[in-house]
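The primary structure of each chain is shown beneath.
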Amino acid sequence: MREVLKIFKIGGGILDDPDQLGRFLSELARVPGRTLLVHGGGKGASQMLQRLGLEPQLVQGRRITDAATLDIVTMFYAGKTNKQIVALLQQRGINALGLSGADGNSIRATKRPVQAIDYGFVGDLSEQSVNTALLHQLLQAGIMPVFCAITHDGQGQLLNTNADTIASALARALAGAYAVELHFCFEKDGVLADVHDEQSVLAQITPEVYHTLKASGAIAAGMVPKLDNAFAALAAGVEKVVIESALRINEPVKTVLCRS
Ligand SMILES: Nc1ncnc2c1ncn2[C@@H]1O[C@H](COP(=O)(O)OP(=O)(O)O)[C@@H](O)[C@H]1O
Ligand SMILES: CC(=O)N[C@@H](CCC(=O)OP(=O)(O)O)C(=O)O
């Protein structure tokens, strides 16, 4: 029987609030078995860019990343945010190891080709992107890998890659060796049937229900790429995909994705 691996992803909303981040990491430290964390930080990066006089540009949730933006997001994601999270996990007795995709050649990406939009230094992932052998060694050594949203192309170029996409790619790549559970954690209790009603959490969601709610506009904004990544992971052999509150990962309230 394959060992269970739980992959958690946290996004900008939670990372922005030191109290909520600390509470999430305390809950994460209580999760039994092998775990891996992926973090974003898009909200904080946009604030940092503005403070430095650059205007953040996002198209369908993806950041247009010119050279100056890449410098700043690398400092912010792979530096400040990643190292702060690792330090807080160490404080909680977890031997975490912070990684960008360049470290140990753990995630190699391809610069997104210029089509209608030039996204700049943004990396796309493929089936071959993840160094599963390295991750397996780290996990078996009892280490929790902590990934930021920076990857590399193998030619010396760093690339900015959406953190939901990284979590989904890691989950798919590791699904051969582990029974992977992929947990997208954010500030709401799950996918809401009505985004204005915090109580309207859907316990389960099928691709059909997703498409209906997306077409009606009930599921919108950042939730759309998140669910696209989430359903893609489920279709590719990931055992379980969950959308849940970062503060309630050890509680039963959540949305579980169903194949049909
Ligand atoms: N039906 C829905 N249920 C829950 N959240 C939704 C829904 N529709 C839109 N959203 C929005 O999607 C956001 C989550 O996406 P995003 O901000 O990209 O996540 P993250 O915090 O992980 O970066 C929520 O904060 C919420 O405002
Ligand atoms: C290419 C691209 O869009 N990269 C993202 C990476 C961070 C991220 O995904 O952060 P959240 O999970 O907090 O949204 C960005 O720079 O915003």
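The rules behind each value
- Residues numbered from 1 in each chain as written.
- Chains lettered and ligands numbered in written order.
- Predicted model: local features only at pLDDT ≥ 70, side-chain atom pairs only at ≥ 80, totals over all residues.
- Heavy atoms only, no water.
- Near = heavy atom within 4 Å.
- Polar contact = N/O pair within 3.5 Å; in protein donor to acceptor, adjacent residues only side chain to side chain.
- Areas by Shrake-Rupley, 256 points an atom, 1.4 Å probe, with all protein chains shown as cover.
- Nonpolar A, V, L, I, M, F, W, Y, C, P; charged D, E, K, R; others polar.
- UniProt positions renumbered as here; feature names shortened; annotations may be inferred.
- Helix = DSSP H or I, 4+ residues; strand = E, 2+ residues; numbered from the N terminus.
- Core = buried A, V, L, I, M, F, W, Y, C linked by side-chain atoms within 4.5 Å.
- Buried < 20%, exposed > 50% of the residue type's maximum accessible area, 1.4 Å probe, protein only.
- Contact = heavy atoms within 4.5 Å.

## Side note on the site of ligand 2
Close to ligand 2 lie 16 residues, the nearest being Lys9, Gly12, Gly41, Arg63 and Tyr77. A distance of 3.1 Å separates an oxygen atom of ligand 2 from a polar atom in the backbone of Gly42. Note that an oxygen atom of ligand 2 is positioned 2.7 Å from one of the side-chain N or O atoms of Arg63. Relative to its unbound accessible surface of 430 Å², ligand 2 loses 90% to contact with the protein.

## Description of the site of ligand 1
Around ligand 1, the structure places 16 residues, and the nearest of them are Glu187, Leu192, Ala218, Ala220 and Lys226. Separating a nitrogen atom of ligand 1 from a backbone N or O atom of Ala218 is a distance of 3.0 Å. Of the residues belonging to the shell around ligand 1, the class tally is eight nonpolar, four polar and four charged.

## Details of the UniProt feature "domain: Aspartate/glutamate/uridylate kinase" (unreviewed entry) in the protein chain
UniProt annotation of "domain: Aspartate/glutamate/uridylate kinase" (unreviewed entry) refers to residues 7-243 when read in the numbering used here. As annotated, residues 7-243 comprises 41% helix and 19% strand, and the C-alpha atoms at either end are separated by 12 Å.

## A look at the nonpolar core
If you look at the biggest cluster of nonpolar residues, it comprises 51 residues, and the most contacted ones within it are Ile7, Leu170 and Leu227. A total of seven residues in this core trace back to one element, the largest contributor, which is helix 8 (residues 223-235). Residue contacts for Leu227: discarding those within four places in its chain leaves Val191, Ile205, Tyr210, Ile219, Ile243 and Leu257. Listed in part, the 21 residues of the second largest apolar core include Leu21, Leu89, Met144 and Ala246.

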